[in-house]
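The chain contents come next:
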Amino acid sequence: MQHDVALTRHGISLVPLSPAHAGPLFDFVDSDMWSGMAAEQPLSAAELAELFASRLEDPATIPFAVVEQRTGALLGTTSLCDYSPREQRLEIGGTFYGRPFWGSHVNPAAKQLLLAYAFDVLAVHRVGFRCDARNKRSASAIQRLGASYEGTLRGHRFAPDGSRCDTAVFSILQDEWPQARESLLARLAPFEVQDNRCAYVAEPTPTEQTA
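Right, let's walk through the structure included here. (Residues numbered from 1 in each chain as written. Predicted model: local features only at pLDDT ≥ 70, side-chain atom pairs only at ≥ 80, totals over all residues. Heavy atoms only, no water.)

**Some thoughts on the overall build of the protein chain**
Put simply, the rule is: The way it works is that DSSP assigns letters per residue, a run of H or I at least four long becomes a helix, a run of E at least two long becomes a strand, and they are numbered from the N terminus. This radius of gyration counts C-alpha atoms alone. The globule rule is 2.2 Å times how many residues there are, raised to the power 0.38. Working definition of accessibility: Shrake-Rupley area with a 1.4 Å probe, residue cover restricted to the visible protein chains. Note on charges: Lys and Arg go in the positive column, Asp and Glu in the negative column, and His and the chain ends are not counted at all. Charged side chains are reduced to one point each, which is NZ for Lys, CZ for Arg, CG for Asp and CD for Glu.
Each helix and strand in the protein chain was counted, giving six helices and eight strands. The order of helices and strands in the protein chain, counted from the N terminus, is β-β-α-α-α-β-β-β-α-β-α-β-β-α. At 16 Å, the protein chain has a C-alpha radius of gyration in line with the 17 Å of a compact globule built from 211 residues. Projected onto the principal axes, the alpha-carbon positions of the protein chain cover approximately 45 × 35 × 35 Å. Of the roughly 9,500 Å² of accessible surface on the protein chain, a fraction of 51% belongs to carbon and sulfur atoms. Computing the positive centroid from 19 side-chain charges and the negative centroid from 25, the protein chain places the two 5 Å apart.

Rendered as structure tokens:
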């Protein structure tokens, strides 16, 4: 959906996504990076702009561009999606970052901002995450956010190569958020002083890619 939400902390900002972001973000896209995504790989900046436009047209999706707070440089994109106010639930997905930012604190910082907005502002009960069950890097990154593994949906969807793939499902519930929040903030504490410096300092483990 179209929105005006902007979130900032830990040297990064989440700003409303626009099709205009597609040009510079398309430079990050390649087949290896896109493997494991649910969305079909865009083959041009115009196709990526169409994907972003579809997210803006979806009333259940709140999409963001992830930017470096000091310079405004684009780092990637992420979204709150499948938002159901009535059921008080949503998922975090539509995420990818440029390779230079993999293994940095950018992904957990972005997820901390999204989780805080979801639980503390939208007052949801459940935040879900999904990834290709074969993507161990993504699964590990999701669990490090404090999410619990719920199970695997077998043969859940088609992969970009036409094969069927399983989807691993994770979640954080409202009463689990305070502990997850404290853990995330402790993990990100070293980057609070980096707000006027560099937004993408290395972390020990890489970030996930989901779409």
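**A look at the side chain of Arg187**
Put simply, the rule reads: What qualifies as a polar contact is a pair of N or O atoms within 3.5 Å, subject to a donor-acceptor requirement within protein and to the restriction that residues adjacent in sequence count only when both atoms come from side chains.
Within the secondary structure, Arg187 is located in helix α6 (residues 177–188). A polar side-chain atom of Arg187 sits 3.2 Å from the main-chain carbonyl oxygen of Arg144.

**Here's the deal with unusual backbone geometry**
Where we set the bar: Here the term buried applies to any residue with accessible area under 20% of the maximum for its type, exposed to any over 50%, and partly exposed to those in between, with areas from a 1.4 Å probe on protein chains only.
Of note, the phi angle at His10 is positive, near 60 degrees, even though the residue is not glycine. Topologically, His10 is positioned in the loop between β1 (7–9) and β2 (12–16). Looking at His10, the relative accessible area reads 0%, which means it is buried. Phi is positive for Ala123, close to 55 degrees, though the residue is something other than glycine. Assignment of secondary structure puts Ala123 in the loop between α4 (106–121) and β6 (126–132). With a relative accessible area of 36%, Ala123 lands in the partly exposed category.

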